[in-house]
Amino acid sequence: MASQGIVEEFLSLKSDTDADVLTMQCGDFYEFFADDAELVASELDLKVSQKSSHGSSYPMAGVPVDDLTPYLKALVERGYRVAVADQFEDGGGDHYREITRVVTPGTLLETDDADARYIAAVVGDSDEGSDGSGRGTATDGIGLAFADATTGQFLVTVADTADDALSELYRFDPVEILPGPDTRGDDELVRRLRGETDGTVSLFEADAFAPGRAKHALREQFGDETLDSVGLDTEPAIRAAGAVLRYVEETGAGVLPSMTRLRAFETSDHLELDATTQRNLELTETMQGGRDGTLVDTIDHTVTSPGGRLLREWVTRPRRDRGELTRRLDCVQALAAGALARERVREALDGGYDLERLAARAASGSADATDLLAIRETLAILPDVADAIEGSPLADSPLSAVVDRPDRAAAADLREELETALADDPPKTVTQGGLFRRGYDDELDDLLERHAEASEWIDTLAERETRQHGLSHVTVDRNKTDGYYIQIGKSVADEVPAHYREIKTLKNSKRFVTDELEEREREILRLEDARGDLEYDLFCDLRDRVGVHAGLLQDVGRALAEVDALASLATHAAGNDWTRPELTEPGPLRIEAGRHPVVEGTTEFVPNDLRMGGADGSAGDGAGAVASADRDFLIVTGPNMSGKSTYMRQAALITLLAQIGSFVPARAATVGIVDGIYTRVGALDELAQGRSTFMVEMQELSNILHSATSESLVVLDEVGRGTATYDGISIAWAATEYLSSAQAATPSPKVLFATHYHELTTLAEHIDGVENVHVAVDESGDEVTFLRTVRDGPADRSYGVHVAELAGVPDPVVSRAREVLRKLRGDEAIDIRGSGDASDGDDTHQVVFDVDSGEFRTEASADGGETSRGGATEQSRGPEESGGEPQTDPAIESVLDELRSVDVDETPPVELMGKVLEWQEELGEDEG
């Protein structure tokens, strides 16, 4: 087809697809034209040329056919949906193109990323909450379906609210999200989908979400009885699952055969971890966005990518099933105790490939010979792992049941078939031959034998011609231009027999052919073509048979991944002196000499005890708080940087680790299984979404107050600090009363509440279950040492000036802060310096902070003089003007206005010193 027709064909195909980019096969290249060429040139640094069509010139960029995959990956990972049009030949020998697939973030099979790549569908009506937050409650729930096209995983659930749905989305971290027709109409929910998840939001045809069509798709895929057997009877969930199936089918990924099982789950099966908590606890990503320093990074010692993927899933979706957690703990205990057996298991696992993804590739018809070879090698690992378990003390643990879960006999049969079929080093291309062993197929063996005979005739031709015709310098070779030829040196070229036909003269030699040589060449080419066609057909049949066993491969892959993940937990436990937690349901949280699982690896760690949730005598030998009856709410006070946040986070992480079936960093631990962990730890402005720091803080607090139950663990690191002092104290006070069941209708959750509002510590005297603990400080002279040891009772002060000094605040500021702090504590007058010369009385004004009124007063008013508005006396207004009326200097009035709004007792010292410096500059500039 002419180039002009090619451009027209491209533009026509592009108009028929809603993909962002189209690439079209043109012979040995995939080409991009027009705007698409400009886009990929910019994104992938491709060279742009020009192509003419009907008098117009179009940008064009292309990549070789064999090199398309990395460019596809790069585009899709940037969020583009790429349509691929392949080239075909009609009966008349003309070429035409058709779009064969649309590659999207969720249907990209060619990925090196070990993490799951879920497509998620979200279906359901969400009514906006009364607070305008869009938290909402769905009338029939919000249906969620998660399908990983690379592994065949398919899960479905129903969330009660938009917040619950977003929490599940954050757990699964889908790369692509399909909002249903109802969801698209909820602007607030769509905004949160785009803003609070990393997935690309794709709009798919509304018909795919229709209930009848969705139910039909599910029955076609999983069988008529599946919906009833898995308990899937909620319309939003059915619509979501059906839409995902239709999407995978229409994008042409070809992986539907690998989706062999539909699994419905209840959100209540797992520990509630909202997105905020997952970020605050840095489970899979640090606050800075990296993996180093996360919980997963710390405990991941897996030797296979599926094992690492499963471990991450456990961390983000902790369980509440005590039986399942006990089974995992039994496995970890056996592996931790049996070091030699554990290492044999890990050595057997090492080098295993990702069977779940290989199964999807086989089922989709995209697997090549090296993929089938990888399947063969990984299937051979299963009996090796089983032998390592059965021949050791591990045999008495639940690990034996894990490796017995797949059909080991069927797995062995499939491995044997692949062993019989595939050559040890097959070529990457499945059309060039050399894929199979001798003895696999009789017809192929016959072709190979005839090819070997013809090749041997060629290989011995030079020797025969030399001997028969007395020639010297004779060689026989082959190239693409001349085919097979006989090459003879020029010095004897005149001596060749008459039946030699010259085809080329070189500098020092000549090339000849004979009729018999050409016939042999034609025979070899026919045999090679026949062999390539036959091997390709045999390979496709073999790949199809492997694809039929996708479910078996997934079972084997998941069993090996589970052993790997359990061995990883055991490896970390054994190497870091972790201990097995005792699980109760429900029950107290008792930790003896607990440590932060991540921080303990980076510094010399001071362990601490924690007792919550009922009387249990005294704390252990280590430092820590002594338990008392119904000790459910701990107010944690102490200096900044002393370890309060670490102490609270380690309690949350130890609880979470116990609920994934892991040992924990402690001397001993009893963990009552919780239904959720909720945290509020600092906040960042989200001004682009119209939410300030304080608004974010209050929305997070609101979610906790609405969601936490008596079986939850709540970690609050400051509440109310983002607003005025008395407002903040009031909110923190009321929240404490509410969570401690003073006002709530249900029993208190376990709460750890760090605060600098020392006023709150008095609540322990009035509310049952509320106790004070603090991080101890040692003061020896002018030296202050943070002991990082938690003790009973409230802290006496916060040591903020000392922290400022540690942070490198200039010495003059630190010294001045100490002076101001001393005077504030002693109710002494503080000099407000107008200029740099403190000896000039006109530039210095003294004020005293009145704790009762919360206002600054001049010395005169402090002694009983009349106060002006805001608490300043008329005497503070400076020199009299000509009329005899006391007047206020504008600069001083400006400073005093700011002073009136500042609560010095509660403003952090560093912030206060900054304000003092600003005031000094303002007054100094005015005098200048």
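If you're wondering where the values come from, they're calculated on a predicted model, not measured in any experiment.

## Comments concerning the overall build of the chain
Then comes step 1: Looking only at helices and strands, the chain has 31 helices and 31 strands in total.
Then comes step 2: Counting only residues that meet the buried cut, the chain has 53% of its 928 residues in that class.
Then comes step 3: Across the chain, every contact between residues at least 6 apart in sequence was considered, and the portion connecting residues at least 24 apart equals 65%.

## A closer look at unusual backbone geometry
Then comes step 1: The linkage connecting Glu585 with the following residue, Pro586, adopts the cis geometry, with an omega of -15°.
Then comes step 2: Tracing the chain through its elements places Pro586 in the loop between strand E19 (582-584) and strand E20 (589-594).
Then comes step 3: The phi dihedral of Ala34 falls on the positive side, at around 55°, and the residue is not glycine.
Then comes step 4: Phi at Glu282 takes a positive value of approximately 50°, unusual for a residue other than glycine.
Then comes step 5: Looking at where Glu282 falls in the secondary structure, it is placed in the loop between helix H10 (275-280) and helix H11 (295-299).

## Comments concerning a negative patch on the surface
Then comes step 1: Taken together, the side chains of Glu220, Asp224, Glu225, Asp228 and Asp233 define an acidic patch exposed on the protein surface.
Then comes step 2: Structurally, Glu220 can be placed in helix H7 (residues 211-222).
Then comes step 3: Judged by relative accessible area, which is 62%, Glu220 ranks as exposed.

## Section: empty space enclosed by the protein
Then comes step 1: One pass over the structure, following the stated rule, counts 5 cavities of 30 Å³ or more.
Then comes step 2: Empty space within the second largest cavity amounts to approximately 70 Å³.
Then comes step 3: Forming the walls of the second largest cavity are Thr304, Pro306, Leu349, Gly352, Tyr353, Leu355, Thr378, Ile381, Gly557, Leu560 and Ala561.
Then comes step 4: Taken together, the residues that form the lining of the second largest cavity break down as 7 nonpolar, 4 polar and no charged.

## Structural notes on the sheet that holds strand E16 (residues 483-489)
Then comes step 1: Strands sit in the order E15-E16-E18-E17 across an open sheet of 4 strands; the sheet is antiparallel. Here the strands that pair on one side only, and so sit at the sheet edges, are strand E15 (474-479) and strand E17 (501-505). Here the strands of the sheet are splayed against their neighbours by 35° on average, with no regard to which way each runs.
Then comes step 2: Relative to strand E18 (residues 509-513), E17 runs antiparallel, the two sharing 4 bridges. For Glu502, the partnering residue across the bridge sits in E18 and is Phe512.
Then comes step 3: Against the sheet, helix H21 (residues 461-469) touches E15 and E16, its axis set at about 145° to E15.
Then comes step 4: Here helix H22 (residues 515-548) sits on the sheet in contact with E15, E16, E17 and E18, set at roughly 145° to E16.

## Some remarks on the packing of helix H2 (residues 34-44) against helix H3 (residues 68-77)
Then comes step 1: Viewed as axis vectors pointing N to C, H2 and H3 meet at an angle of 90°, and their least axial separation amounts to 11 Å. Put simply, H2 runs roughly perpendicular to H3. Within the contact between the two elements, H2 uses Leu39, Val40, Glu43 and Leu44 and H3 uses Tyr71, Ala74 and Leu75.
Then comes step 2: For the contact of H2 with H3, the class distribution of residues is 6 nonpolar, no polar and 1 charged.

## Comments concerning the sheet that holds strand E3 (residues 49-53)
Then comes step 1: One open sheet accounts for 6 strands, arranged E3-E4-E2-E1-E5-E6; its pairing is mixed. The open sheet has two free edges, formed respectively by E3 and strand E6 (95-103), since each of these has just one partner strand. Across the sheet, the mean angle separating the axes of adjacent strands is 35° when strand polarity is ignored.

## Quick notes on the pairing of strand E4 (residues 56-64)
Then comes step 1: With 5 bridges connecting them, strand E2 (residues 29-33) and E4 associate as antiparallel partners. In the strand pairing of E4, Glu31 is matched with Gly62.
Then comes step 2: Both E3 and E4 contribute to a ladder of 5 bridges, which runs antiparallel. What sits directly across from Ser52, in E4, is Ser57.

## Re the packing of aromatic side chains
Then comes step 1: Using the criterion set out here, one finds 11 aromatic pairs in the structure.
Then comes step 2: For the pair Phe172 and Phe265, a centre-to-centre distance of 6.0 Å together with 40° between the ring planes defines the contact as tilted. Remark: Phe265 occurs in the loop between strand E13 (263-264) and strand E14 (272-273) and Phe172 occurs in helix H4 (residues 162-172); sequence separation between them is 93 residues. Phe265 matches Phe172 in its accessibility class, with the two residues each being buried.
Then comes step 3: Arranged with centres 5.8 Å apart and planes meeting at 50°, the rings of Tyr500 and Phe512 form a pair that is tilted. Highlighted residues: Tyr500 in the loop between E16 and E17 and Phe512 in strand E18, separated in sequence by 12 residues.

## Focus: the layout of surface pockets
Then comes step 1: Approximately 1500 Å³ is the volume attributed to the second largest pocket.
Then comes step 2: Lining the second largest pocket are 43 residues, and of these Thr69, Glu110, Arg361, Ser366 and Ala367 sit closest to its centre.
Then comes step 3: Only H3, E6, helix H15 (355-364), helix H16 (369-379) and H22 provide two or more residues apiece to the lining of the second largest pocket.
Then comes step 4: By residue class, the composition of the lining of the second largest pocket is 16 nonpolar, 13 polar and 14 charged.

## Here's the deal with the nonpolar core
Then comes step 1: Counting residues in hydrophobic clusters, the biggest one holds 106 residues, and the most contacted among them are Ile299, Leu372, Ile375, Val385, Leu610, Ile677 and Leu752.
Then comes step 2: Sort the elements by how many residues they give to this core and helix H23 (residues 550-576) lands first, with 14 residues.
Then comes step 3: Every residue in contact with Ile677, bar those within four places of it in the chain, is listed here: Leu271, Glu272, Leu273, Thr277, Leu281, Ala652, Thr655, Leu656 and Leu713.
Then comes step 4: Counting residues in each nonpolar core, the second largest holds 33 residues, with Ala145, Val156, Leu232 and Val244 among its members.

## A short note on the packing of H16 against helix H19 (residues 408-421)
Then comes step 1: For the pair H16 and H19, the least separation of the axes is 9 Å and the interaxial angle reads 135°. Taken as axis vectors, H16 and H19 run oblique relative to one another. In the crossing of H16 with H19, the sense of the turn from one axis to the other is left-handed. Taking contact as the criterion, the partners of Leu372, Ile375, Arg376 and Leu379 in H16 are, on H19, Ala411, Leu414, Arg415, Leu418 and Glu419.
Then comes step 2: Broken down by class, the residue content of the contact of H16 with H19 amounts to 6 nonpolar, no polar and 3 charged.

## Examining the pattern of salt bridges
Then comes step 1: Taken as a whole and judged by the stated rule, the model has 54 salt bridges.
Then comes step 2: As a salt-bridge pair, Arg405 and Glu562 come within 2.9 Å of each other at their nearest N and O atoms. You can see Arg405 sitting in the loop between helix H18 (399-404) and H19 and its partner Glu562 sitting in helix H23, a full 157 residues away along the chain.
Then comes step 3: Arg531 is the partner of Glu535 in a salt bridge, and the nearest nitrogen-oxygen pair spans 3.1 Å. Of this pair, Glu535 and Arg531 both sit in helix H22, 4 residues apart, roughly one helical turn.

## Section: the side chain of Asp564
Then comes step 1: Within the secondary structure, Asp564 sits in helix H23.
Then comes step 2: Comment: no salt bridge for buried Asp564; closest opposite-charge side chain is Arg346, at 4.9 Å.
Then comes step 3: Once residues within four sequence positions are removed from consideration, Asp564 is found in contact with Thr302, Val303, Thr304, Gly307 and Leu349.

## Considerations on the environment of Gly672
Then comes step 1: Turning to its location among the elements, Gly672 is positioned in strand E23 (residues 668-672).
Then comes step 2: Residues Gly672 and Pro588 lie 84 residues apart in sequence; the distance between their C-alpha atoms is 5.1 Å.
Then comes step 3: If we skip the residues at most four places from it in the chain, Gly672 touches Thr584, Pro586, Gly587, Pro588 and Gln659.

## Brief notes about helix H20 (residues 442-459)
Then comes step 1: Compared with the 26 Å implied by 1.5 Å per residue over 18 residues, the 25 Å span of H20 between its first and last C-alpha is a close match.
Then comes step 2: Buried within H20 are the following residues: Leu444, Asp445, Leu447, Leu448, His451, Ala454, Ser455, Trp457 and Ile458.
Then comes step 3: Those residues of H20 that are buried lie in contact with H21, E15, E16 and H22.
Then comes step 4: For H20, the N-terminal cap is Asp441; the gap from its side-chain oxygen to the backbone nitrogen of Glu443 is 3.2 Å.

## A look at the environment of Ser472
Then comes step 1: Residue position: Ser472 is located in the loop between H21 and E15.
Then comes step 2: The class for Ser472 is partly exposed, based on a relative accessible area of 30%.
Then comes step 3: With residues near it in sequence (within four places) discarded, Ser472 still touches Ile488 and Val492.

## Examining the confidence of the model for the chain
Then comes step 1: When pLDDT is averaged along the chain, the result is 83; 83% of the residues meet or exceed 70.
Then comes step 2: Within the model, pLDDT remains below 50 along residues 126-138, and this stretch shows 31 contacts once partners closer than five positions in the same chain are excluded.
Then comes step 3: Note on residues 684-690: pLDDT is under 50 here. Beyond four places in sequence and across chains, it has 9 contacts.

Basis of the calculations
- Residues numbered from 1 in each chain as written.
- Predicted model: local features only at pLDDT ≥ 70, side-chain atom pairs only at ≥ 80, totals over all residues.
- Heavy atoms only, no water.
- Helix = DSSP H or I, 4+ residues; strand = E, 2+ residues; numbered from the N terminus.
- Buried < 20%, exposed > 50% of the residue type's maximum accessible area, 1.4 Å probe, protein only.
- Contact = heavy atoms within 4.5 Å.
- Patch = residues over 30% accessible without salt bridge, like charges linked within 9 Å, V, L, I, M, F, W, Y side chains within 5 Å.
- Areas by Shrake-Rupley, 256 points an atom, 1.4 Å probe, with all protein chains shown as cover.
- Salt bridge = Lys/Arg side-chain N within 4 Å of Asp/Glu carboxyl O.
- Lys, Arg positive; Asp, Glu negative; His and termini not counted.
- Charge placed at Lys NZ, Arg CZ, Asp CG, Glu CD.
- 1 Å grid on protein atoms, 1.4 Å probe; cavity = no way out; pocket = protein on both sides within 12 Å on 5 of 7 lines; lining within 4 Å.
- Points joined across faces, edges and corners; volume = space filled by probe spheres on them.
- Nonpolar A, V, L, I, M, F, W, Y, C, P; charged D, E, K, R; others polar.
- Pairing = 2+ DSSP bridges.
- Axes fitted to C-alpha atoms, helices over the stretch in contact; angles between N-to-C directions.
- Parallel < 35°, antiparallel > 145°, perpendicular 65-115°, else oblique.
- Phe/Tyr/Trp six-rings, centres within 6.5 Å; stacked < 30°, edge-to-face > 60°.
- Core = buried A, V, L, I, M, F, W, Y, C linked by side-chain atoms within 4.5 Å.
- Left-handed = near helix turned anticlockwise from the far one by under 90°.
- Expected span 1.5 Å × (residues − 1).
- Polar contact = N/O pair within 3.5 Å; in protein donor to acceptor, adjacent residues only side chain to side chain.
- pLDDT = per-residue confidence, 0-100.

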